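# Structural features, examined
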Amino acid sequence: MSSLLPPLSSAIQQLYRGCVAGQYAAYSPPAASTLHKSLTLAIVLPWLHVQDQQWEGRAEHFQQFTTGLFGKLLQTTATDIDTPEKLSLRTANISRDISCLCDVIGCVALRETKAKQIVCKAILPVVSRVIGLLPHFEKDSRIFESVLGFTIVLCDALRVQLGSQFLQELVGLCMANFTKASAASSDDMGRTTVEKFIELLNTVIREPSNTYKGFTGDIVNISLNQISGYVAKKESLNSAYYTLLHSLLDFKWSYFYPRNATNREACANQDSFLAILQLFGATLCKTDFNLIKQNVISLCDLNDKHELFNKDVFRIHLQSNFITALLQLLFSGTVPIVGEEIEETLFQLARRQESYTSTLHAYLSSLLPPPQLSVVLKDVQIHQNVASFRLNLRKLV
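A brief structural summary. None of the values given here were measured: they were computed from a predicted structure.

### As for the overall build of the chain
Broken down by element type, the chain carries 21 helices and zero strands. The proportion of buried residues among the 397 residues of the chain is 48%. Residue pairs in contact within the chain that sit at least 24 positions apart in sequence constitute 70% of those at least 6 positions apart. As presented, the chain carries roughly 19100 Å² of accessible surface, and 51% of it is formed by carbon and sulfur atoms.

### Structural notes on the layout of surface pockets
There is about 470 Å³ of room inside the largest pocket. Around the largest pocket, the lining comprises 21 residues; the ones closest to its centre are Ala25, His36, Leu69, Arg96 and Asp97. Contributing elements (two or more residues each) for the lining of the largest pocket: helix 2 (29-44), helix 3 (55-69), helix 4 (71-75) and helix 5 (84-106). Looking at the lining of the largest pocket, the element that brings in the most residues is helix 5, giving five residues. Within the lining of the largest pocket, the residues separate by chemical class into nine nonpolar, eight polar and four charged. The calculated volume of the second largest pocket comes to roughly 320 Å³. Together, 13 residues line the second largest pocket, and Asn210, Lys213, Lys252, Ser254 and Arg259 are the ones closest to its centre. Counting residues per element, the ones that place at least two in the lining of the second largest pocket are helix 10 (191-206) and helix 13 (253-256). Here the lining of the second largest pocket is built from residues that sort into four nonpolar, four polar and five charged.

### Thoughts on the state of the cysteines
Every disulfide links exactly two cysteines, by a covalent bond between their sulfur atoms. Taken as a whole, this structure holds zero disulfides when the rule is applied. As a non-bridged cysteine, Cys155 has Cys174 as the owner of its nearest cysteine sulfur, 8.3 Å distant. Residue classification places Cys155 among the buried positions, given a relative accessible area of 3%.

### Things to note about the nonpolar core
The biggest cluster of nonpolar side chains holds 120 residues, and the ones touching the most others in it are Phe137, Phe150, Leu154, Ile227 and Phe273. No other element matches the 13 residues that helix 6 (residues 113-137) contributes to this core. When near neighbours in sequence (up to four residues on either side) are disregarded, Phe273 contacts Leu249, Trp253, Phe256, Tyr257, Cys267, Leu308 and Val313.

### Side note on unusual backbone geometry
Phi is positive for Gln54, close to 55°, though the residue is something other than glycine. Within the secondary structure, Gln54 sits in the loop between helix 2 and helix 3. Of note, Asn269 is a non-glycine position whose phi angle comes to about 50°, a positive value. Assignment of secondary structure puts Asn269 in the loop between helix 13 and helix 14 (270-283). Residue classification places Asn269 among the partly exposed positions, given a relative accessible area of 34%.

### Some remarks on the environment of Arg191
Along the chain, Arg191 turns up in helix 10. When the C-alpha atoms of Arg191 and Tyr230 are compared, they prove to be 8.0 Å apart, with 39 residues separating the residues in sequence.

### Examining the environment of Gly149
Of note, Gly149 is situated in helix 7 (residues 141-157). Separated by 51 residues in sequence, Gly149 and Ile98 place their C-alpha atoms 8.8 Å apart. When near neighbours in sequence (up to four residues on either side) are disregarded, Gly149 contacts Cys102 and Lys196.

What counts, and at which threshold
- Residues numbered from 1 in each chain as written.
- Predicted model: local features only at pLDDT ≥ 70, side-chain atom pairs only at ≥ 80, totals over all residues.
- Heavy atoms only, no water.
- Helix = DSSP H or I, 4+ residues; strand = E, 2+ residues; numbered from the N terminus.
- Buried < 20%, exposed > 50% of the residue type's maximum accessible area, 1.4 Å probe, protein only.
- Contact = heavy atoms within 4.5 Å.
- Areas by Shrake-Rupley, 256 points an atom, 1.4 Å probe, with all protein chains shown as cover.
- 1 Å grid on protein atoms, 1.4 Å probe; cavity = no way out; pocket = protein on both sides within 12 Å on 5 of 7 lines; lining within 4 Å.
- Points joined across faces, edges and corners; volume = space filled by probe spheres on them.
- Nonpolar A, V, L, I, M, F, W, Y, C, P; charged D, E, K, R; others polar.
- Disulfide = S-S within 2.5 Å.
- Core = buried A, V, L, I, M, F, W, Y, C linked by side-chain atoms within 4.5 Å.

Just geometry here; none of it tells us what the structure is for.
This is how it looks when you write it as structure tokens:
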């Protein structure tokens, strides 16, 4: 090695040879992660003040490095893990190798194109092996979770080098395997596995190009019909799940309101649109105030960006229920951490004065006798700025 890569110190070259020979396999995960990332960057990053960068020799050595690291994974065949018993014997090693693969790929995410090219070429055989074994990995949630994390890293770090078609196939496989595993054992899917899958879907949705455009409908269906079931049983998934739903509406607004539509008020996929917003509305009746705050902020954000509250579908089907739920929260006096956000949202909803006033009247009628109600309603005003509206609303409360 020293004849090809003289700029690297003898200590680094010794570590390199040890990794290729498998001498550090017993290292703890944090130590192994640091070692693998450090050696990767030492090999693939440009050397300072060196005219001959020796890219060809470095690519060859990095190929040997990855072959040494992932030799056992490369040798794993479908018959080695075709039963749950066989797979369980290899779970720890496979998960560790995929985690190591994530380290190697992830450390070049923000690096030069040349470094990414070297890494991409070297890890392609390993990536292909992981993809080939993916149908068997669904049987083990720990390994499947590792694969989901690995897919996220690939989408982030090597999107250009791998190409859109390759990543589309990989994401499609992950979605298909999640659906299959979910149908087979809905109670056994771990929280962290579902959370990692939600993270992958968020990555796909937020991709600015049209690489994953064809997945939008499938993601909406999976979110509403499969992931929602896990969230109902594991409330710790709430924050990630509603972030995903917000991303669907925000980044894929054109899925519901196509840009080239003749009728700007026509809502495509209306049932899904309403179902997502009804889920947001349902959280306003819960006691998780952090989630309430997150979702109230999300609703305001959607209104700022896409004029959600002005859409006919929202106004006809949801507006009255949302106003009522927000008023109940505000009048309950139990949500100080989200009071200002509720007032801001009510201000935006109150822009349609008639709907707000009638809903407020109906809500107060359930609380006050008619004489007192008439006195209170005289003080109800719709103001042009949020500060005066907030002051009036606090006076009312």
